[in-house]
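The chain contents come next:
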Amino acid sequence: MSRSRRDFLTLTSLGVLSTAAASRIHAQNLSTLPPGAPPAFGAGPSFGPEVSTATFAEAEKLVQFPMTEKERAEAASSWRKTLAAVYERRSGPRKLALEAALAPATTWNPEISGVKIPVQHDKFVRKYFPAREG
């Protein structure tokens, strides 16, 4: 009825290995993502200006966060793939000048289609109510 520890360890390790193999099969393929879907972190296209280790050395002075030379080199080499797109999101989208006479993309109309709504005019009609005697 009960199994040995050796059987348990064998089955457990096989389960872990099969899970790891299955995760590689289902890894995110950037060419098959639907439009607008965010890519995995660091897997997107390079974006933004090139930065150097000197840029990060100057930034350290501003934020008062010291880095080693190795950390600066790694940050400078991975900046365009990992964080430049996030920086663009934070600074806002690119601006596009629109004409003043351009119609809006959507409008909201509360009327039900096919139902004729009578036109009503706002008029104040004064009525005379005689005082009651009583």
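Throughout what follows, the structure given in this document is the object of discussion. Small disclaimer: the values here were computed from a predicted structure and weren't measured.

1. Overview of the overall build of the protein
- A count of helices and strands for the protein gives 4 helices and 0 strands.
- The N-to-C order of helical and strand elements in the protein reads α-α-α-α.
- Burial analysis of the protein (134 residues in total) assigns 6% to the buried set.
- In the protein, of all internal contacts separated by at least 6 residues, the share reaching a separation of at least 24 is 49%.
- For the protein, the exposed area adds up to about 13300 Å²; of that, 60% sits on carbon and sulfur atoms.

2. Here's the deal with the packing of aromatic side chains
- Under the counting rule described, the total for this entry stands at 1 aromatic pair.
- Relative to tryptophan 79, the ring of phenylalanine 56 lies with its centre 6.2 Å away and its plane at 75°, an arrangement referred to as edge-to-face. With phenylalanine 56 in helix 2 (residues 53-63) and tryptophan 79 in helix 3 (residues 69-82), the pair connects residues that are 23 residues apart, well separated along the chain.

3. Focus: a nonpolar patch on the surface
- The grouping of Leu11, Leu14 and Leu17 at the surface amounts to a nonpolar patch, some 310 Å² of accessible area in total.
- You can see leucine 14 is positioned in helix 1 (residues 5-25).

4. Some remarks on the environment of alanine 75
- Here alanine 75 shows up in helix 3.
- A residue is classified by how much of its surface remains accessible, and alanine 75, at 17% relative accessible area, is buried.
- Here the alpha-carbon distance between alanine 75 and serine 52, two residues 23 residues apart in the chain, equals 8.8 Å.
- Leaving out residues up to four positions away in the same chain, alanine 75 has contacts with Phe56 and Met67.

5. Structural notes on the side chain of arginine 72
- Turning to its location among the elements, arginine 72 is positioned in helix 3.
- We classify arginine 72 as buried; its relative accessible area is 15%.
- The residues contacting arginine 72, other than those within four sequence positions of it, are Thr53, Phe56, Ala57, Glu60 and Met67.

6. Concerning helix 3
- The first and last C-alpha atoms of helix 3 sit 19 Å apart over 14 residues, in line with the 20 Å expected at 1.5 Å per residue.
- For helix 3, the principal kink sits at alanine 76 and spans about 30°.
- Within helix 3, burial applies to Arg72, Ala75 and Ala76.
- The inward-facing, buried residues of helix 3 contact helix 2.

Criteria and thresholds
- Residues numbered from 1 in each chain as written.
- Predicted model: local features only at pLDDT ≥ 70, side-chain atom pairs only at ≥ 80, totals over all residues.
- Heavy atoms only, no water.
- Helix = DSSP H or I, 4+ residues; strand = E, 2+ residues; numbered from the N terminus.
- Buried < 20%, exposed > 50% of the residue type's maximum accessible area, 1.4 Å probe, protein only.
- Contact = heavy atoms within 4.5 Å.
- Areas by Shrake-Rupley, 256 points an atom, 1.4 Å probe, with all protein chains shown as cover.
- Phe/Tyr/Trp six-rings, centres within 6.5 Å; stacked < 30°, edge-to-face > 60°.
- Patch = residues over 30% accessible without salt bridge, like charges linked within 9 Å, V, L, I, M, F, W, Y side chains within 5 Å.
- Salt bridge = Lys/Arg side-chain N within 4 Å of Asp/Glu carboxyl O.
- Expected span 1.5 Å × (residues − 1).
- Bend = angle between axes of the 7 residues up to and from the residue.

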